[in-house]
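Each chain, written out:
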Amino acid sequence: MGAIVQSVAWWCYMAAKLSPPAFVRAAAEAGYGAIDLVPPEHYALVKKHGLAISSTVGHDSIVKGLNRRDQHDRIERELRRNLAGAEKFGVANLVCFSGNCAGLDDAAGMAVCAEGLARVAPAAEAAGVTLVLEVLNSKVDHADYQADHTAWAAEVVNRVNSPRVKVLYDIYHMQIMEGDLIRTIQKYHAVIAHYHTAGNPGRHDLNGEQEINYPAVLRAIAATGYRGYIAHEFVPKGEP
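As the structure is a prediction and not an experimental result, all values here were calculated from the model. (Residues numbered from 1 in each chain as written. Predicted model: local features only at pLDDT ≥ 70, side-chain atom pairs only at ≥ 80, totals over all residues. Heavy atoms only, no water.)

Before going further, it helps to spend a moment on the overall build of the chain. Helix and strand counts for the chain stand at nine helices and nine strands. For the chain, the spread of C-alpha atoms along the three principal axes comes to 45 × 40 × 35 Å. Burial status across the chain gives 55% buried among its 240 residues. Counting every atom, the chain has about 10,200 Å² of accessible surface; 51% of that belongs to carbon and sulfur. Averaging the locations of the 23 positively and 26 negatively charged side chains of the chain gives two centres separated by 4 Å. (Helix = DSSP H or I, 4+ residues; strand = E, 2+ residues; numbered from the N terminus. Buried < 20%, exposed > 50% of the residue type's maximum accessible area, 1.4 Å probe, protein only. Areas by Shrake-Rupley, 256 points an atom, 1.4 Å probe, with all protein chains shown as cover. Lys, Arg positive; Asp, Glu negative; His and termini not counted. Charge placed at Lys NZ, Arg CZ, Asp CG, Glu CD.)

Spelled out as C-alpha cells, the structure:
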C-alpha cells in the first residue's frame, strides 16, 4: 500500500466551508501527497505547499459532454486550454465526461465519445497529461449519464487507443451501479488511470457506517501494480 499516493478532493472541503488556504495547509500537514479537482486559479497555492495536483476538470458540463458531436469543438477548445495549464503545473489528469444519453443509445454514444477524445489525444500525449473519462452513477446522483458502467467507458478508451486516454474509476459510483468492485478493478485495471473514493450510502466518510470494504479494495488496487493517486472525494460529516 505504501506505493499509492493519497489525494483529497477540493470541492468536498469547499462544501464544508473550509477556506482554500486553510484546506491546502491542512492537507499538507496531514501528509497527503496531492489535492484533487483543483480549480486552475488555485494551482499556485497548492504547489506552494509542496503538494501535487492529481486532477482537475477538463471541460465544462457533465450533462452536455463528449457523446454529442455538436459539443466537440467547444470541448476541444476547453481541453486544449486546460492541457496548457496542466502541463505547466504538473497536473496528472484532466477529468472528462460522456454527457447524458438524452435518447442516444449506448453504441452511438460510445462511437461519438471516442471520436471526441481522439481529437485531443495527441495534444494530451504531447503535454504528458492523461484525459480520464469518469464513470458516474445514473441511479442516485447523475440521472441519464451515459458512462455509468465500467465496460462502456473501457470500450471508449480502447477505441481511442492512446496511452493518455484512460478511465477514472469512481469506487462510490460503481458500487451503486455494479458492485463487484474488486473483480471489476482486476479486469479493467489496465485502462484505469485514476481512482475516486467515497462512502456508500451517503458519499461521506470511509468508516464503519458505509458498505464498501475499503481496505480490501485498496489492497486489490495495489496488487494490480497501480502507482497513481487514490483521491478521496467524500464530504466529511464531522468538522472538516
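This part takes up the packing of aromatic side chains. Evaluated as defined, the whole model comprises five aromatic pairs. Look at Tyr 13 and Phe 23: their rings are 5.0 Å apart centre to centre, the planes differ by 10°, and that puts the pair in the stacked class. Residue Tyr 13 is found in helix H1 (residues 10-15), and its partner Phe 23 is found in helix H2 (residues 20-30); the two are separated by ten residues along the sequence. Residue Tyr 13 is classed as buried on the basis of its relative accessible area, which comes to 10%. With a centroid separation of 4.9 Å and 85° between ring planes, the pair formed by Tyr 195 and Tyr 226 is classed as edge-to-face. Residue Tyr 195 is found in strand E8 (residues 192-197), and its partner Tyr 226 is found in the loop between helix H9 (214-223) and strand E9 (229-232); the two are separated by 31 residues along the sequence. (Phe/Tyr/Trp six-rings, centres within 6.5 Å; stacked < 30°, edge-to-face > 60°.)

Moving on, we get to the pattern of salt bridges. Throughout the structure, instances matching the rule amount to nine salt bridges. Close ionic contact of Arg 80 with Glu 76 constitutes a salt bridge, the shortest N to O distance being 2.9 Å. Within this pair, Arg 80 and its partner Glu 76 are both found in helix H4 (residues 72-89), separated by four residues, close to a single helical turn. A salt bridge links Arg 119 to Glu 76; its shortest N-O distance comes to 2.6 Å. Here the residue Arg 119 occupies a position in helix H5 (residues 106-127), and Glu 76 occupies one in helix H4, the gap between them amounting to 43 residues. Residue class for Arg 119 comes out partly exposed when judged on its relative accessible area of 31%. What you see here is one network of salt bridges that share partners, running through Asp 73, Glu 76, Arg 80 and Arg 119. (Salt bridge = Lys/Arg side-chain N within 4 Å of Asp/Glu carboxyl O.)

Glancing now at H5. Relative to the 32 Å expected for 22 residues at 1.5 Å per residue, H5 spans 30 Å between its end C-alpha atoms, a close match to the ideal helical length. In H5, a bend of some 40° at Val 120 exceeds every other bend along the element, and Pro 122, a proline, comes one to four places later. The opening residue of H5, the one whose side-chain oxygen lies 3.0 Å from the backbone nitrogen of Ala 107, is Asp 105. Following H5 by one or two positions, Gly 128 adopts a phi angle in the positive range, close to 70°. (Expected span 1.5 Å × (residues − 1). Bend = angle between axes of the 7 residues up to and from the residue. Polar contact = N/O pair within 3.5 Å; in protein donor to acceptor, adjacent residues only side chain to side chain.)

In a disulfide, the sulfur atoms of two cysteines are held together by a covalent bond. If you walk through the whole model with that rule in mind, you get zero disulfides. Left without a disulfide partner, Cys 101 is nearest to the cysteine sulfur of Cys 113, which lies 11 Å away. (Disulfide = S-S within 2.5 Å.)

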